Structure formats: structure tokens, C-alpha cells
Amino acid sequence: MSKPKLVMVGNGMAGVRTLEELFKIAPEMYDVTVFGAEPHPNYNRILLSPVLAGEMKVQDIILNDHDWYRDNGVNLHLGKKVAKIDRVKRQVIAEDGTVEPYDRLLLATGSTPFMLPIPGNNLDGVIGYRDIADTDAMIEAAKRYKHAVVIGGGLLGLEAANGLKLRGMDVTVVHIGPWLLERQLDEVAGRMLQKSLEDRGLTFLLEKHTEALIAGESGRVAAIRFKDGMQIPAELVVMAAGIRPNTALAESSGIYCNRGIVVNDTLQTYDPKVYAVGECVAHRGIAYGLVAPLFEQAKVCANHLANYGIGRYTGSVTSTKLKVTGIDLFSAGDYMGGKDTEEIILNDAAGGVYKKLVIKDNKLVGGVLYGDTADGPWYFQLLKDGKDIHEIRDQLLFGQSMVGDVGHQGQSKAAAMSDDAEVCGCNGVKKGVIVKAIKEKGLFTLDEVKKHTKAASSCGSCAGLCEQILASTLGGAYQATASDKKPMCGCTDHSHEDVRKAIRERELTSVEAVTKFMEWKNADGCEKCRPALNYYLISTWPHLAKDDPQSRFINERAHANIQKDGTYSVVPRMWGGLTTPAELRAIADAAEKYKVPTVKVTGGQRIDLLGVKKDDLPKMWADLAAAGMVSGHAYGKSIRTVKTCVGAEHCRFGTQKSMDMGVKLEKMLFGMWSPHKVKLAVSGCPRNCAEAGIKDVGVIGVDSGYEIYVAGNGGIKTEVAEFLCKVASDEEVMEVSGAFLQLYREEGWYLERTCHYVQRVGLDYVKQKIVEDGEGRKALYARLLDSLKGIKDPWAERLDGELKKEFEMLAVQPA
Amino acid sequence: MSEFRKICALADIPRLGARVVQQASGGDIAVFRTAEDEVFALHDKCPHKGGPLSQGIVHGKRVTCPLHGMNIQLDSGDAVAPDVGHCNRFEVKLEAGDVYLKV
């Protein structure tokens, strides 16, 4: 059976991105044909300004070269303009007579520069600014002529003017508005921008109306005349007064167009066989001229072309950044504000910094940053997430660092970092390397940055920073996804939240059931989603869902920690950090017997035996089990340790028996799997020798009982635990700690530590669930105890039987 | 002369998992089984930093090295782009439910 035919008209960024998304999820579905009017393969149009400015070359901005089309089996017609669509016969006819039939048609015809309807607009030397040919024409003109006029003081006009100036021309920008970039900036920021561009030698004529372009003797444009009679020389005129969606082809074939080709939320036109994406489209009355929304459209469109039938495009909030080197400008959302909004403004004219944040109902709805845009991406994220900024309002203007959240999740001042500053400490990746990869390889997402540079691909603590670098490098092309809507991994478009919900509501009890029900793109998932799915299943349906060892990372499969040389480390559990001479003797014997090269005391008060061969593990466990020891789970996303001080049992300051409490907690939680590792500590007095202030749950004994702290972290970025409540008895410590951990187990996303979970949902929410709602707390605690019922020691379970196979080597059998 | 030798039954390798064939010389060989019950064999050493590929998570026709997450294509031994690297392949075949390795 032959495949259905997909024909795409237009070979620009939005269209080709749609194909890329389509090939990712349904590579074999269509025979694909692409018509491109330009002779070039798909290139990054937003980087034409750096090309004009001489900062990049055309070959640097190619996104998909000819090999890409060939490798994906795309039948490519370059330099062929499509003349007609015959919707009855379902075929596309090019000007040169090429005919291609289609089953699905994708229109991605982009837009054309708006040429002012004035006399002389067709003279030689008058051009729009849209493609490589225009850019080449400008570069050529700059070599031969002196006077350039750019009509339009928008983003594109200013970038063109800057580029021409850098190429040695005298440039005048003519703008009809009262200030520059009036669609992105308020008046103050607009004036500041104008001043700094004037310092670079550009000339501005504001509120000027062009009347005519006047030809010289050669027939080329020579001057420009305004309605007020003023006339200035102009040997090159660049029209950057806006773009018009290119709808001529669609209209001529009878497809309904308004401000663009009208599409619905699935990117279908009025003819359901015809889709459209990009700048040629009007969605809910809006035609977008920035690349980020077009990529969102591309994703949804590909999804529907692949017959997945999920995903809607509901419009985009956009942000912009001017690509003029050395000028920092950022704007997003409702930057003007109005009667029902409030504004916070910083205006340091002498220092060249201006910031305006527009707030409505305690939420950020827009803003303008000039001179210092480092916090732009953070503000944009707050805006998109619709976060309540009430609590941080008084520091909001001073940026993220003042809110006290620098470093962890990596948010810091990406734009201000030097190129040789290290971004990813795990893999030694410097900022310059990331920026270079983003530019040269045309990266647009964090995932792509991870793949190409390895940054943020290990511990992930620099992911936020990498996103900031992406944002500051791409400017308007960057589209942050609201963080709670991010897909779990490349196998799906569903977020962690969606998946957890589906598992609960649809009573899904196996990895296969989830990937099938939620239409995973790869049937058996990947190394990222499978461990998460397995955890969600066993935590949601404790005794129903079957644990899938093949969906666990090797540490949890082998119940020991893999080391850099492929050996393992073994950590027997020492309840509350306590041990006995007999246990120590057994550990020492095992270390000698299996030639353990390194014996180390861990940060969590346990003994680590490092350098054990995998096939020795079960033998060693058997020896340790004989001395009464069980697995310390020092390898898992699970309860690790409960650290203790010596407490009232021995310490002269101790108010509570911390060792006893620690042992009780650790025994209660034995075998508890969780979204990430979990550590507890119990201190007998506020001197806090067990360091309870940086643990997931920290218990501190005081004279009248215990104080309970949650969501601390001694890891990637130290987080001090927050006070949850005070209780009087040991039983209450168990109940509150257990209920908190169960809440985290039920709602946390895989690989999310308690500190990040609490940051996401808010401490007030946790207090409400655990402290105020007594019934709810008891229910959570009961669910925790129920799920831990009948937990077996994983070491003992693997001493023989089917599970032991994991540790046995195969040998070639004799012939 | 190399020939196919039996190493185990297919059922001895977990689906989406691997087993290791120990060799006297030349390094261990990892034998993988996919969800579709295809078998592949690679040198048990990631081209990146020598991680034991046999211990990685298998998905599709790929395995993810447990040390630093490099993905290796089981049928070619090549690292999945944009990573680069190559891992030696060994011939394996499935016959009547048994796995044979060419040694």
C-alpha cells in the first residue's frame, strides 16, 4: 500500500519545524514533498541580522542542509514557486509546471515585507528585509553607496539599521511612531534605546511620514521626501514597516483568509485536508511574527498530521529581545499597563537601566527591561506560569538573586557570565561552548542543549542556567514552557502531572499500560521515563502494580551503587547510625573475604564497602545477612538514612532520646521508594549535631517535645529546612513525618527532591495538608504504612531464585 | 575459525535487559534482548568511558550506558547522535529459543 502524500508549500522555519516534529513521532507515515521559492535549504531567518552585521555567515545559519532532506526522504523542490492549488483534484502546481498530488497539504508560506504604497517604491535600491537575497542586496549596497534609509523603527528595522551602520553606511531610521519599538517598549525605554543607538551613529526621524522615493539619473533611488517637504539622500531604502501574511496562494484556491490563513486550534484551515502554520496564519485573529509561537504551532500541527489527535494550540504569550550586540532590551506581555494594573519601576537614566514590571491581581502580566535584562527569562517564566508574586513583591524588581533563589536549579545571571565561565560543573561545559552550539547548530530547546553539549545532562542543577543562556542567546525565538506543563521526556508530550493523574484515574498498573494508553511515541519508552513510570505505578498502586526491574536504574536493580569502574559499593543498614561489635566484625570479615579495596564511613553515618564485583554481591549479602544486616538502600530513590546525635541517652545537653527516635523512624520507613532519595535526621537538642536543618525531614528535640522541619537539602544547593510544626510525643513525630513523606511520594515528580516539591506547591499547602487537616494527615500516614506492609529486604530476596540471575555471568558452552 | 556457540536460552535474558558473557580474553560481551525478542551482542564497554553497557536500560534498539547516559544503537554499535563513538558488535542468532554467539 502506498503511503499518503504530504505536500508542504514553503520551506521556512515554521514549516520545516513541523516536519521535524512529525518525523520524530511518525517518521514513516507520509511521502513528503516540499516546495521552497528560495534556492536555499531551510535556514534560521532570525539570524539574518547577525549576518547583515557581519557577525555570522550564511552557512552558519542553515538549520537543515540538503542531507537532512535526503536522509528523511523528502522530495525537495527548491527555487520553485507554487502557482496554484487545485483542491478538487488535490494537487499543487508550481510555476514551472511541476505537479504534485497531495492527501494532506501544509501551507507554510510565511510573510512578505509590507512595501509602503508610495511613488518610487519599485525603484532599484528599494528592498524589504526578509530573506537571504535581501540581506545580500544590503551587503552589496553597503559596498557601493553611502546613504541608507530604513523605514520602520521596529525590531527588524533597527537590526537592519545597525547592520548597515556596521557595514559603513550613514543610516537614517524613519519611524512613524512617537518612539522606537512602540509595540515592545514604553516611551521611557524607547527614548533610552534611541539615545544609545544615536551614540552609535544612527540618525532618527520620528513621527515622519514618507511621501515619495525619488529616482536619480541612473534610475536607482537617490532620495526620500517626507510629507513636511523635508528631503534627504537615500541610495538604499529598506522597508521594515511590518509584514503581511502571505495568503495569496491560499486565497486563490478559495481557502478562507482574514488577517492571514484562518486556522483553528489544530492548525487546520477551512479545508480540513489543508493545514497551515507560521507567519502566514491567523489564529484567533492573531498573526505571529516571532519564531517561538510558530514552533508551538509546528508541534501541535505535527501531532495532528500524525493522527495523534491530542494537543491544541491556544495562542502564545511572546517576549522579545533586540538582536543588536551590546544593547540589552527585553519586553514581554502587557508592557504598557493600564487602569487596572499596577507598575513597579526603576529608572536610572544616568546608569542606563530601566525596568518596569506590570502587575495585575498579584500576578506579573508584562514588563520592559532596558540595560539589564538578566532577569528577563525569570520574569517571563513568572508571567507564563501565572505565579502569585505577592510574597516576593518587595524584591521582585531587583531580580531573582534578591529573592534568594540563586544557584539551585541554576538561575543566575546568564547574560552577564563570561564565555569561559563554567556552566555545567559535572561535565565541565563552559558558557561559550553552549552559546556556540546554540548558534551554530540551531538549537532551540533545553533538551537539544543537553544532547549537543552535555551541559545539564548529569545532575541537572544547571538546567535553569542553561535555559537562561538559551533565552539570552535566542532572544525572541526562545519559548519557555510553563514548568508544570513540560513533557516528561522525548517519548511523550504529557507532563509528569498528566501521567500521575492518568495512572490514578485510569487505574493503570503497568509501564506498558501507561505507554499504550497515553500513546507514547516509543513503545518501550526510554531511560528517562521508564524509571519515573515504574515509580509512579508502585507508589500509586502499592500492592497491585508489579515492580519492573528493567525499568530501574542499575543501582536499584542490583541493590548496590555502580562505581566509575563498573564495580559496586555495598552499604549495610545501620539503624539510626547504630551498630554493634558483632556487626562491625561481620563487615570487616566480608571486606577481607571479598577483597574490598576501600572501606569508608559515609556522610550518613553508615559504612561503605567500595569496589565489589557484581557477581560477588549476593555472596557478600548472604554473609552480612547471617550477621543480621539488611540493605542500606544507599543506592536508591528511597529512604537512605536517619542520622542521629547521641541524644539524651548519653549527652549532657540532650533533651530527647534522638537515637531511639531515629531507629524508630528508620524502621518505620524501611524499603520506602520515593521520587528521589530521602534523608532524615534526629537531633536531641537545638545544638543540632545531627544536622537536621538540611534534611528532607529534620526532627529536633526540645524540652517540651520535638520541632519538625521539612524540605531541607544538603545537596546541589544547600537548602535550609523549613519549620513545619511542633509536636509533643514520639508517636506524633512518626505520624507527621510519615504523612509528609507520603504526600511527597504521592505528589512529587520523579527526581524532584522534597525541597523542590515544597517550592513548587508552597509550604502553606503542605502545612494545610499535614498540620491543619488532622483527618487528612492520618489518612496519608495510613497509606504510607499500608504501602510499606510486607516489604522484604531486597538483598535477602536475591540470594536465590529468579532474581539472582541478574548477578550470574554466562559462559560460552562447548561445541 | 569462528563458529556459533550456544550461550543460554532466550528466557534467561530478561526482556529489555541483558546478560554478560565472560570471556577469558578480549573483554566481556553484553547480550541484549529487546521488547520484540530480538537479540544483539556488543562489547560490554561504552566507547565514552568504558561503562558496562550490559547494566544499562534497554529501550527500542538502544541501550543507555549507566555511567553517563550515552545511548548506543544495538544493531550497529554506534553512539546515537549527537554523541559519537562506536562499540564492537558480535554476531548472535536465535534458534529454537536458544541464543548463539559467534566466537
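Rules and cut-offs
- Residues numbered from 1 in each chain as written.
- Chains lettered and ligands numbered in written order.
- Predicted model: local features only at pLDDT ≥ 70, side-chain atom pairs only at ≥ 80, totals over all residues.
- Heavy atoms only, no water.
- Helix = DSSP H or I, 4+ residues; strand = E, 2+ residues; numbered from the N terminus.
- Rg over C-alpha atoms; globule rule 2.2 N^0.38 Å.
- Expected span 1.5 Å × (residues − 1).
- Buried < 20%, exposed > 50% of the residue type's maximum accessible area, 1.4 Å probe, protein only.
- Contact = heavy atoms within 4.5 Å.
- UniProt positions renumbered as here; feature names shortened; annotations may be inferred.
- Salt bridge = Lys/Arg side-chain N within 4 Å of Asp/Glu carboxyl O.
- Pairing = 2+ DSSP bridges.
- Axes fitted to C-alpha atoms, helices over the stretch in contact; angles between N-to-C directions.
- Buried area = accessible area lost by both parts, 1.4 Å probe.
- Polar contact = N/O pair within 3.5 Å; in protein donor to acceptor, adjacent residues only side chain to side chain.
- Nonpolar A, V, L, I, M, F, W, Y, C, P; charged D, E, K, R; others polar.
- Core = buried A, V, L, I, M, F, W, Y, C linked by side-chain atoms within 4.5 Å.
- pLDDT = per-residue confidence, 0-100.
- Phe/Tyr/Trp six-rings, centres within 6.5 Å; stacked < 30°, edge-to-face > 60°.
- Lys NZ or Arg CZ within 6 Å of the ring centre and 35° of its normal.

## Digging into the overall build of chain B
Helix and strand content of chain B: zero helices and ten strands. For chain B, the α and β elements follow one another from N to C terminus as β-β-β-β-β-β-β-β-β-β. Taking 13 Å as the expected radius of gyration for a compact globule of 103 residues, we find that chain B reaches 13 Å, a close match to that expectation. Oriented by its inertia axes, the alpha-carbon framework of chain B measures out at about 35 × 30 × 20 Å.

## Quick look at helix α6 (residues 187–199) of chain A
All names here are of chain A. Between its terminal C-alpha atoms α6 stretches 18 Å, which fits the 18 Å expected from 13 residues at 1.5 Å a residue. All buried positions along α6 are accounted for by A189, G190, M192, L193, Q194 and L197. The secondary structure elements touched by the buried residues of α6 are α5 (155–166), β12 (203–206), β22 (329–333), β23 (342–348), β24 (353–360) and β25 (363–370). Just past α6, the residue G201 takes up positive phi, approximately 105°.

## Observations regarding the UniProt feature "domain: Rieske" (unreviewed entry) in chain B
Mapped onto this numbering, the UniProt entry annotates "domain: Rieske" (unreviewed entry) at residues 5–101 of chain B. Taken end to end, residues 5–101 of chain B is 0% helix and 40% strand, and its two terminal C-alpha atoms sit 5 Å from one another.

## Overview of the pattern of salt bridges
All names here are of chain A. Enumeration over the complete set of coordinates arrives at 54 salt bridges over all chains. For K208, the salt bridge is made with D228, and the minimal N-O distance between the two is 2.3 Å. With K208 in the loop between β12 and β13 (210–215) and D228 in the loop between β14 (221–226) and β15 (231–233), this pair connects stretches of sequence that are 20 residues apart. The exposure class of K208 is buried, given its relative accessible area of 13%. Given the relative accessible area of 53%, D228 is considered exposed. For E806, the salt bridge identified is with K614, shortest N-O distance 2.6 Å. Here the residue E806 occupies a position in the segment after α26 (794–797), and K614 occupies one in the loop between β31 (607–612) and α19 (617–626), the gap between them amounting to 192 residues. Taking the relative accessible area as the measure of exposure, K614 reaches 10% and is therefore buried. Connected via shared salt-bridge partners are R17, E20, E21, K24 and E448.

## Focus on the sheet that holds β13 of chain A
All names here are of chain A. Reading across the sheet, the three strands line up as β13-β14-β15 and stay open at both edges, with antiparallel pairing between neighbours. The sheet is open, and its two edges are formed by β13 and β15, each paired on a single side. The mean inter-strand angle of the sheet, taken between neighbouring strand axes irrespective of direction, is 25°.

## What to know about the interface of chain B and chain A
Counting residues at the interface gives 31 residues for chain B, matched by 32 residues for chain A. The largest share of the area that chain B buries against chain A comes from R19, Q55 and I57 of chain B, three residues that together contribute 25% of it. The tally of links from chain B across to chain A stands at two salt bridges. A salt bridge links K805 of chain A to D12 of chain B; the shortest N-O distance between them is 3.2 Å. Taken together, chain B and chain A are joined by 13 residue pairs in polar contact (both at pLDDT 80 or more). Within the side of chain B that touches chain A, the residues separate by chemical class into 16 nonpolar, eight polar and seven charged.

## Things to note about the UniProt feature "binding site: [4Fe-4S] cluster" (unreviewed entry) in chain A
Residues and elements named next belong to chain A. Mapped onto this numbering, the UniProt entry gives "binding site: [4Fe-4S] cluster" (unreviewed entry) at C645, C651, C685 and C689. Of the residues just listed, which span 45 residues, no C-alpha pair is farther apart than 10.8 Å, and they cluster in one region. Here C685 shows up in the loop between β33 (678–683) and β34 (697–702). According to the relative accessible area criterion, C685 is buried, its value standing at 7%. If we skip the residues at most four places from it in the chain, C685 touches F653, G654, T655, I700 and G701. Of note, C689 is situated in the loop between β33 and β34. Judged by relative accessible area, which is 59%, C689 ranks as exposed. Beyond its immediate sequence surroundings of up to four residues, C689 is in contact with C645 and S683.

## A look at the sheet that holds strand β1 (residues 4–9) of chain B
All names here are of chain B. With antiparallel pairing, three strands are arranged side by side in an open sheet as β1-β10-β9. Lying at the two open borders of the sheet, with one neighbouring strand each, are β1 and β9 (92–95). When the angles between neighbouring strand axes are averaged without regard to direction, this sheet yields 30°. Both β9 and strand β10 (residues 98–102) contribute to a ladder of four bridges, which runs antiparallel. Across the sheet, the residue bridging to L94 is V99, located in β10.

## Points about helix α11 (residues 431–441) of chain A
Residue and element names in this part refer to chain A. All of the buried residues in α11 are K431, G432, I434, V435, A437 and I438. Contact partners of the buried residues in α11: β26 (422–424), β27 (429–430), α12 (446–453) and α13 (463–474). Directly beyond the C-terminal end of α11, a positive phi value near 65° is found at G442.

## A short note on the UniProt feature "domain: Nitrite/sulphite reductase 4Fe-4S" (unreviewed entry) in chain A
Under the UniProt annotation, "domain: Nitrite/sulphite reductase 4Fe-4S" (unreviewed entry) lies at residues 636–772 of chain A. Note that residues 636–772 of chain A is 38% helix and 22% strand, and that its end C-alpha atoms are spaced 32 Å apart.

## Side note on the nonpolar core
Here is a general trend for soluble globular proteins: nonpolar side chains tend to be buried in one another's company. Residues and elements named next belong to chain A. In terms of nonpolar packing, the biggest core is built from 73 residues, with L158, L164, L193, L236, V238 and I434 touching the most fellow members. Here this core takes seven residues from α13, the largest share from any one element. Residues in contact with L193, not counting those within four places in the same chain, are L158, L180, L181, L185, L322, I327, L329 and Y370. Grouped together as the second largest cluster of nonpolar side chains are 49 residues, M8, F23, I25 and Y30 included.

## Focus on the side chain of N303 of chain A
Within the fold, N303 of chain A resides in helix α8 (residues 291–305). N303 of chain A has contacts with I25, Y308, G309, I310 and D493 of chain A, leaving out every residue within four places of it along the chain.

## Remarks on the confidence of the model for chain A
The share of residues in chain A with pLDDT of 70 or more is 97%, and the mean pLDDT across the chain is 91. A low-confidence stretch, residues 404–412 of chain A stays under pLDDT 50, and its non-local contacts, those more than four residues away or across chains, total 28 contacts.

## Things to note about the confidence of the model for chain B
The share of residues in chain B with pLDDT of 70 or more is 99%, and the mean pLDDT across the chain is 93. Under the prediction, the complex receives an ipTM of 0.95, its pTM being 0.71.

## Things to note about the pairing of strand β7 (residues 104–107) of chain A
Residue and element names in this part refer to chain A. Across four bridges, strand β1 (residues 5–9) lies against β7 in parallel orientation. Bridging across to β7, V7 finds its partner in L105. Examined bridge by bridge, β7 and strand β19 (residues 274–276) share three bridges and lie parallel to one another. Opposite L107, over in β19, you have A276 as the bridge partner.

## Thoughts on the packing of aromatic side chains
All names here are of chain A. In total, this model carries 14 aromatic pairs over all chains according to the counting rule given. On the basis of an interplanar angle of 80° and a centroid distance of 6.3 Å, the ring pair of Y288 and Y313 is categorised as edge-to-face. With a gap of 25 residues between them, Y288 in the loop between β20 (281–283) and α8 and Y313 in the loop between α8 and β21 (319–321) connect regions that are remote in the sequence. Judged by relative accessible area, which is 9%, Y288 ranks as buried. Site record: aromatic cluster; members linked through ring pairs are F23, W68 and Y69. Residue placement shows R552 over the ring face of W673; its charged tip is 3.9 Å from the ring centre. Here R760 stacks its cationic end above the ring of W749, 3.5 Å away from the centre of that ring.

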